[in-house]
Amino acid sequence: MKQSDSLNIFTGLLDPPLTPVGVEESTAVGRELAHRNIKFDVAYTSLLQRAAKSLKTILQVVGQTGEIEVLEREELNERDYGALNGRNKEEAAKEFGKEQVDAWRRGYTDVPPGGESLEMTCVRVMKFYEREVVARLKRGEKVLVVSSGNTLRGLVMKLEALLLLPPRAKASLGPWPDNALLPPPVQWQHLDVANTDETVCIDSVPQHRAVLAPKDWIRKKEGTTGERCGDYGWNVRVKGDEREVWDATIVSTELDLLLLRLHELSPVVSRFILLESTTTFTGLPKPLALQAALSTADFAPFKDKIVYRVHQGRKLRSGENPFTVENELRDAVSRLLRAELREYRDAESSFGRVKPPLLLFSDVDELPSRTTIGMLKKCEAPTPLHLALTEFNYSFEFRLGGEELNSWRAQVWEWKEWGEGREEFYRHGKVTERVFVEGSEAEKGVGWHCSWCFKHLNDFVVKATGYSHVDRLGNRPSALLRPERIQKTICEGSDFFRMLPEAYTWRDMVDKWSLIPQTNTQNIPKFLNERPDKFPYLLPGGCKRNE
């Protein structure tokens, strides 16, 4: 993280120093590389001090300070925003219009006054790669590149070697060395810890094509059903090492999804830690929907397992990012968990039992299956562990295309220090390469992520205006949030914001371009199968919503 990040300005070719937070984040990258026992033959960085400091920190952590050649290259400098360099982003939006500024920031060919487009940035990075990196890869060297986000986007595009690039983007990348249709075979990893300048590690591996998939994806062994611990190479927990499972989540308005969650997980979860805020992430007042619902018959069967608290939200300050408020809610969950854990530890100690529970962290719409959590409960599975959920939009009728690892943020932890450890806090980001991607033969998947699966049209409006990515509405909220337009979008299965899919590869973007209709309702949450009459809008053919 650079100092200008906190000021919400276009940094570009400005040269602010790396902040203490940025140093910590670079240190985390170094620890990850050291954990993987990766050593380098050469390192490249830009002429900007923040990138150079990031590289210096990484090399110190991996123990290679002074051991390898460090080369600075101008082509690795951050994108030049021209007249926008040093300008506050909100002030620029007022002067030029938000739509125009968004085009300069996010477009591929749009050029800010006196600056570079992303396309131009990519071209200079391609020239650097072909001039200096390719020859080293052919010699079998390992290359470390530490630079800035926009610059490395171009390098990542090159490494992926995908033939499905848009024509203009494909043309701008130029031919591969030796006029090959695919790039020199490489293995590479892209490390991005929080907001630090980013890192790409490249290693020549002649027998492989470019790969992005984590090496630690966990699947059942070939020829097994996935119903036993040994099918994944895990041991069964011995007597005395049994663990409770606690499920912690933040609740907004998704009461039906929460009800599905309670029915699905109650047989294997001992406590549901539920936090509800009086405001949305954007600071809008919000009724306490769950507080009112807890006294109803629907939630009565789970009353003894629910730990419910209200968080007093607040309005956003001028220029403040909604992610700040979201992080405050997540901090509140951490504090609640620590209080519950202390009470639990004291009670268990009196019986001679001091094993911390397994903690499930996920949003309400990210629902691991009962079988998955039951398996993790009885097996000595490694933690932390991400769960790869099958992703759906609007209902269980439309499945998102692309790679199987689309929704991976759900995670299982064991807080061995009972919430007092440095890494022990409630989170929703990437924490490990270990991902549980394949469940039992009967269920196929690990669980479900039903995004934007709301019952009423107004719920979509609340979501769009109240969550952390509200900027996607741009300057067109009234057009996007018309009830008839929302209804049409749901039944078509098209993107709510009419934006390109979120993807890390061009091939994945093409695969995600349209949702895949589902007709088989076999592998859906159990209570939804048992009570289809209660949730018709979540099933194929039920796209019509009420006002």
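Residues numbered from 1 in each chain as written. Predicted model: local features only at pLDDT ≥ 70, side-chain atom pairs only at ≥ 80, totals over all residues. Heavy atoms only, no water.

**So, the overall build of the chain**
To be explicit about the condition: Secondary structure follows DSSP: runs of H or I at least 4 residues long count as helices, runs of E at least 2 residues long count as strands, and numbering of each begins at the N terminus. A simple rule labels every residue: compare its accessible area, found with a 1.4 Å probe on the protein chains alone, to the largest value its type can have, and call it buried under 20%, exposed over 50%, or partly exposed in between. Two residues form a contact once any of their heavy atoms are found within 4.5 Å. Throughout, the Shrake-Rupley method with a 1.4 Å probe supplies accessible areas, and for residues the shown protein chains are the sole cover considered.
When its secondary structure is counted, the chain shows 16 helices and 18 strands. Out of the 547 residues belonging to the chain, those deemed buried represent 53%. Considering only intrachain contacts with a sequence separation of at least 6, the fraction spanning at least 24 residues in the chain is 74%. Just so you have it, the chain exposes about 25,300 Å², and 51% of that area is on carbon and sulfur atoms.

**Remarks on the nonpolar core**
Basically, it comes down to this: Think of a nonpolar core as a cluster: buried Ala, Val, Leu, Ile, Met, Phe, Trp, Tyr and Cys residues, connected wherever their side-chain atoms sit within 4.5 Å.
Ranked by size, the top nonpolar core spans 50 residues in total, and within it Trp 234, Leu 376, Leu 387, Phe 436 and Leu 538 carry the most contacts. In terms of residues, this core owes the most to one element, helix 8 (residues 255–265), which gives 6 residues. Excluding residues that lie within four positions of it along the chain, Phe 436 makes contacts with Ile 218, Tyr 232, Trp 234, Thr 372, Leu 376, Leu 385, His 386, Leu 387, Ala 388 and Val 446. Counting 21 residues, the second-largest nonpolar core is a separate cluster that includes Ile 250, Leu 275, Phe 281 and Leu 359.

**Side note on the confidence of the model for the chain**
Note the threshold: Think of pLDDT as the predictor's per-residue confidence, scored from 0 to 100.
On average, the chain scores 81 in pLDDT, and the residues at 70 or more come to 81%. When the criterion is pLDDT under 50, residues 192–198 qualifies, and its contacts beyond four places in sequence or with other chains add up to 28 contacts. Counted against residues more than four places away or in other chains, residues 203–214, with its pLDDT under 50, gives 30 contacts.

**A word on helix 5 (residues 118–138)**
What counts here: By this rule the span expected of a helix is its residue count minus one, scaled by 1.5 Å. The angle separating two fitted axes, one through the seven residues that finish at a residue and one through the seven that start at it, defines the bend at that residue.
In this model helix 5 runs 28 Å from its N-terminal to its C-terminal C-alpha over 21 residues, within 8% of the 30 Å that 1.5 Å per residue would give. Where helix 5 bends most, the angle comes to about 40°, and this point is Glu 130.

**Quick notes on the side chain of Glu 433**
What counts, and what does not: Identification of polar contacts relies on pairs of N or O atoms within 3.5 Å, with a donor-acceptor requirement for protein atoms, meaning one able to donate a hydrogen and the other able to accept it, and with residues adjacent in sequence counted only if both atoms are side-chain atoms.
As for its placement among the helices and strands, Glu 433 is situated in the loop between strand 15 (411–414) and strand 16 (435–436). Polar side-chain contacts of Glu 433 include one of 3.0 Å to the side chain of Lys 430.

**Some details on the pairing of strand 8 (residues 271–277)**
For a regular strand, side chains alternate in direction, first toward one face of the sheet and then toward the other. Note the threshold: Any two strands between which DSSP finds at least two bridges are classified as paired. Handedness is read with the strands pointing away from the viewer; a crossover is right-handed when the path from the first strand over the helix to the second is clockwise.
Counting buried positions over the 7 residues of strand 8 gives 7, a clear majority of the element. Alignment of strand 7 (residues 245–251) against strand 8, held across 6 bridges, turns out to be parallel. Within strand 8, the residue paired with Trp 246 across the bridge is Arg 271. For the segment spanning strand 7, helix 8 and strand 8, crossover handedness is right-handed.

**What about the packing of helix 3 (residues 89–96) against helix 4 (residues 98–106)?**
A pair of packed helices is characterised by two quantities: the angle between their axes and the separation of those axes. For the record, the criterion: For helices, the fitted line uses only the C-alpha atoms of the stretch in contact; every axis is such a line through C-alpha atoms, and the angle between N-to-C directions lies from 0 to 180 degrees. Under this scheme an angle from 65 to 115 degrees is roughly perpendicular, one under 35 degrees roughly parallel, and one over 145 degrees roughly antiparallel; angles in between are oblique. Nonpolar residues are Ala, Val, Leu, Ile, Met, Phe, Trp, Tyr, Cys and Pro. Charged residues are Asp, Glu, Lys and Arg, and all others, Gly as well, are polar.
Relative orientation of the contacting elements helix 3 and helix 4 amounts to 120°, with a least axis distance of 6 Å. Judged on the interaxial angle alone, helix 4 and helix 3 are oblique. Contacts between helix 3 and helix 4 involve Lys 89, Ala 92, Ala 93 and Phe 96 on the former and, on the latter, Lys 98, Gln 100, Val 101, Trp 104 and Arg 105. In terms of residue class, the contact of helix 3 with helix 4 is made up of 5 nonpolar, 1 polar and 3 charged.

**As for the state of the cysteines**
Short version of the rule: Counting rule for disulfides: a pair of cysteine sulfur atoms within 2.5 Å.
Counting across every chain of the model gives 3 disulfides. Listing the disulfide partners of the chain by sequence rank of the bonded cysteines yields 1-2, 3-4, 5-6.

**Some points on the pattern of salt bridges**
Condition: Here, a salt bridge means any Lys or Arg side-chain nitrogen found within 4 Å of an Asp or Glu carboxyl oxygen.
Counted according to the given criterion, the structure contains 30 salt bridges. Salt-bridge contacts for Asp 102 lead to Lys 98; the nearest nitrogen and oxygen are separated by 2.9 Å. Here Asp 102 pairs with Lys 98, and both are found in helix 4, just 4 residues apart, close to one helical turn. On the basis of relative accessible area, Lys 98 is assigned to the partly exposed category, the value being 32%. A single salt-bridge network, built from bridges that share partners, covers Arg 237, Asp 241, Arg 243, Lys 355 and Glu 414.

**Focus: the sheet that holds strand 16**
The strands that make up a sheet are held in pairs by hydrogen bonds between backbone atoms, and each pair lies either parallel or antiparallel. The 8 strands lie next to each other as 6-16-12-15-10-7-8-9, forming an open sheet whose pairing is mixed. Looking at the sheet topology across the chains shown, the edges are occupied by strand 6 (217–218) and strand 9 (306–311). Relative to strand 15, strand 12 (residues 385–387) runs antiparallel, the two being bridged by 2 bridges. Residue pairing across strands places Leu 385 opposite Val 412, the latter belonging to strand 15.

**A few points about the packing of helix 1 (residues 20–35) against helix 2 (residues 49–62)**
Applied cut-off: If you view the pair so one helix is near and one far, a crossing is left-handed when the near helix is turned anticlockwise from the far one by less than a right angle, and right-handed when it is turned clockwise.
Contact geometry for helix 1 and helix 2: axes closest at 8 Å, N-to-C directions at 40°. By the angle class used here, helix 1 and helix 2 are oblique. In the packing of helix 1 onto helix 2, the handedness of the crossing is right-handed. Two secondary-structure elements touch here, helix 1 through Val 23, Ser 26, Thr 27, Val 29, Gly 30, Arg 31, Leu 33 and Ala 34 and helix 2 through Lys 53, Ser 54, Thr 57, Ile 58, Val 61 and Val 62. Of the residues belonging to the contact of helix 1 with helix 2, the class tally is 7 nonpolar, 5 polar and 2 charged.

**A word on unusual backbone geometry**
Of the consecutive residues Thr 383 and Pro 384, the connecting peptide bond is found in the cis state with omega at -5°. You can see Pro 384 is positioned in the loop between helix 11 (370–378) and strand 12. Phi angles above zero are rare outside glycine, and Tyr 394 is one such case at about 75°. The residue Tyr 394 is located in the loop between strand 13 (390–393) and strand 14 (398–399) in this model. Judged by its relative accessible area of 1%, Tyr 394 is buried.

**Re the packing of aromatic side chains**
Basically, it comes down to this: Any pair of Phe, Tyr and Trp rings, taking the six-membered ring for Trp, is counted once the centres come within 6.5 Å. Such a pair is stacked with planes under 30 degrees apart, edge-to-face with planes over 60 apart, and tilted for the rest.
Scanning the model with the defined rule gives 19 aromatic pairs in all. Pairing Trp 246 with Tyr 344 gives two aromatic rings, centres 5.3 Å apart and planes at 75°, and the pair type is edge-to-face. Pair noted here: Trp 246 is in strand 7 and Tyr 344 is in helix 10 (residues 322–349), with a separation of 98 residues, a long-range link. By relative accessible area, Tyr 344 is classed as buried at 8%. Ring geometry for Trp 452 and Phe 496: centres 4.5 Å apart, planes at 25°, overall stacked. Note that Trp 452 is positioned in the loop between strand 17 (447–451) and helix 12 (457–466) and Phe 496 in the loop between helix 14 (483–492) and helix 15 (506–511), a separation of 44 residues in sequence. Since its relative accessible area comes to 9%, Trp 452 is described here as buried. An aromatic cluster is defined as three or more aromatic residues linked by ring pairs; in this entry it consists of Tyr 394, Trp 452, Phe 454, Phe 460, Tyr 467 and Phe 496.

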